[in-house]
Amino acid sequence: MNKHSRQILSIFLFLFLVVWVGPAYGLIISGTNENVKSRSFRIGGTRYVPLISACRAFGVDWDWDPVSRKITLSKNRSFLVLLVGSNTYSIDGKIGRFKGKIEFSKGIILIPKTFIYGEDWWIEVPGIKTTVRHRINVVVIDPGHGGKDSGAIGRSGLREKDVVLSVAKYLREFLASHGVTAILVRTGDRFVSLGNRANFSNKNNADFFISIHANAWRDRRPKGFEVYYLSAATDDYARAVAARENAVLKMENSSADSINNQDPTVWDLKATENSRESIELASSIIEAMSRNIPARNRGVKSARFYVLKKVDAPAVLVEMGFISNPSEEAKLKTRNYRKKLARAICEGIVAYKNIYDKTNGFTD
Ligand SMILES: [Zn+2]
């Protein structure tokens, strides 16, 4: 990076801070925040932080084009463009290079920690009170399936509907201990239509909607966890997972609103409404799961899940593991593993809630 581009970069980062802090507020820059430390990743000797979390912390807008893998950050009508796999950046059209490169690992965009702000990238802005957006109070948890719809069934007979209900109840308990109210769509073995799950969330003014599932595949090999948000499917696999989770529509009496007669553009319009928050929530949950769950991290993905479509809040669907994989089925049977899953999902929700509340101007 030459001297000139370094200057531009410093000015750009300075602008982030000045604009974000504003003249009336104090600013604490702290590199000792334990949460931040635990959320940094090390790849080949370089420390990385999740870009989206950093943007949240700095109040920077971001946009991500999954096809070109281009990331555009904007603040105060200034634009910083980054590319996955590249060490080149462009600030308002001027090109420069930085140490390291942008990494994309398991659905998380990572940026070298040194690029963000030396070693001290985390900012806290105390004392700001605004009513721009309310803070996170209510999370609706949707244990998938139930009643006549068993969901996936494992080789030893484990039923998806039972596993997800049990994890959902632990999750409610763990969230409560963090002061977050969680409401379950179902608390027993009861059939609920996909549309009514979304209605339930909207009626309760959910701030986040988390649908909990266990995966299944036609052969026994696939394993691991993944988190989805609503958008066009990333690939045929994601499309197949959504088709399986949407299949319950055939059991429902309302055939009028079936998945097949939906105009694709309607899906995409709906998907953009809460997409940024949904992607951030999905990233936060997958980060927490990858730290805490001893299983394969399959990453953040998107597909057209009917249940997410009608929800008015940021919404994600967690596939906790493959019930069709005998070793994962055995793990999913144990109370210990279910608690571990619930604790990790809770950690991801709370981590995002803290950033979300903070960037919306609230202090505890
Ligand atoms: Zn399911």
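Reading the values: rules and limits
Residues numbered from 1 in each chain as written. Predicted model: local features only at pLDDT ≥ 70, side-chain atom pairs only at ≥ 80, totals over all residues. Helix = DSSP H or I, 4+ residues; strand = E, 2+ residues; numbered from the N terminus. Buried ≥ 20, exposed ≤ 12 C-beta atoms within 10 Å, placed from the backbone. Contact = placed C-beta atoms within 7 Å. Pairing = 2+ DSSP bridges. Axes fitted to C-alpha atoms, helices over the stretch in contact; angles between N-to-C directions. Core = buried A, V, L, I, M, F, W, Y, C linked by C-beta atoms within 7 Å. Domains from an automatic or database assignment. Arc of directions from axis to C-beta. pLDDT = per-residue confidence, 0-100.

Draft legend 1. Looking closely at the overall build of the protein chain. If you tally the helices and strands in the protein chain, you get 12 helices and 17 strands. Within the span of the protein chain, comprising 364 residues, buried residues form 40% of the whole. Put simply, of all contacts in the protein chain between residues at least 6 apart along the chain, 77% involve residues at least 24 apart.

Draft legend 2. Structural detail: the sheet that holds strand S3 (residues 46-50). With respect to topology, 4 strands assemble into an open sheet ordered S2-S3-S10-S9, the strand pairing being antiparallel. Strands with a single pairing partner mark the edges of an open sheet, and in this sheet they are strand S2 (41-43) and strand S9 (103-105). Taking the axes of each pair of neighbouring strands and ignoring which way they run, one obtains an average angle of 40 degrees across the sheet. Note that S2 and S3 share 3 bridges and pair antiparallel.

Draft legend 3. Quick look at the nonpolar core. If you look at the biggest cluster of nonpolar residues, it comprises 89 residues, and the most contacted ones within it are Leu-171, Ile-210, Ala-282, Ile-285, Val-316, Ile-345 and Ile-349. For this core, the leading source of residues is helix H12 (residues 335-359), giving 11 residues. Looking at this core, you find at least three residues from each of domain 1 (3-124) and domain 2 (138-359). Setting aside residues no more than four positions away along its own chain, Ile-349 makes contact with Val-139, Leu-175, Phe-208, Ile-210 and Ile-285.

Draft legend 4. Looking closely at helix H7 (residues 236-246). Among the residues of H7, those classed as buried are Val-241, Ala-242 and Glu-245. With its buried residues spanning 95 degrees around the axis, H7 presents them on a single face.

Draft legend 5. A look at the sheet that holds strand S12 (residues 138-143). Taken together, the 6 strands give an open sheet; going across it, the order is S13-S12-S14-S17-S15-S16, and neighbouring strands pair in mixed fashion. Single-partner strands in this sheet number two, and they are strand S13 (181-184) and strand S16 (297-303). Averaged over all pairs of adjacent strands, the angle between strand axes in this sheet comes to 25 degrees, irrespective of strand direction. Bridge count for strand S15 (residues 225-230) against S16 is 5 bridges, and the pairing is parallel. Across the sheet, the residue bridging to Tyr-229 is Ser-302, located in S16. Helix H5 (residues 160-177) contacts S12, S13, strand S14 (208-215) and strand S17 (315-322) of the sheet and is inclined by roughly 145 degrees relative to S14. On the sheet, helix H9 (residues 275-292) packs against S14, S15, S16 and S17 and is oriented at approximately 175 degrees with respect to S15.

Draft legend 6. Representation of helix H6 (residues 194-203) within the structure. Turning to H6, its buried residues are Leu-194, Arg-197, Ala-198 and Ser-201. In an axial view of H6, the angular spread of the buried residues amounts to 95 degrees, which keeps them on one side of the axis. Check the buried side of H6 and you find it contacts S12, S14 and helix H10 (306-309). Of the residues flanking the end of H6, it is Asn-205, one or two places downstream, whose phi is positive at about 50 degrees.

Draft legend 7. How the structure looks around the pairing of S13. The pairing of S12 with S13 spans 4 bridges and is classified as parallel. What sits directly across from Val-140, in S13, is Ile-183.

Draft legend 8. A look at the environment of His-145. For His-145, the location among the structural elements is in the loop between S12 and H5. Judged by the 26 C-beta atoms lying within 10 Å of it, His-145 falls in the buried class. Separated by 44 residues in the primary sequence, His-145 and Asp-189 place their C-alpha atoms 8.7 Å from one another. Every residue in contact with His-145, bar those within four places of it in the chain, is listed here: Ser-150, Gly-151, Glu-160, Lys-161 and Val-164.

Draft legend 9. View of the environment of Asp-235. Within the secondary structure layout, Asp-235 lies in the loop between S15 and H7. With 10 C-beta atoms packed within 10 Å, Asp-235 lands in the exposed category.

Draft legend 10. Looking closely at unusual backbone geometry. For His-145, which is not glycine, the phi dihedral falls at a positive 65 degrees. Even without glycine at this site, Asn-205 takes up a positive phi of about 50 degrees. Note on placement: Asn-205 falls in the loop between H6 and S14. The class for Asn-205 is exposed, based on 12 C-beta atoms found within 10 Å.

Draft legend 11. Quick peek at the confidence of the model for the protein chain. Mean pLDDT over the protein chain works out to 78, with 74% of the residues at or above the 70 mark. Below a pLDDT of 50 lies the segment residues 14-38, which in the model reaches 32 contacts outside its immediate sequence neighbourhood of four places, other chains included. Within the model, the stretch residues 118-133 combines pLDDT values under 50 with 38 contacts to residues more than four positions away or in other chains.

Draft legend 12. Up close: the environment of Glu-277. When you line up the elements, Glu-277 lands in helix H9. Under the C-beta neighbour-count criterion, Glu-277 is labelled partly exposed, with 18 such atoms within 10 Å. Note: C-alpha distance between Glu-277 and Ala-315 (38 residues apart in sequence) is 8.3 Å.

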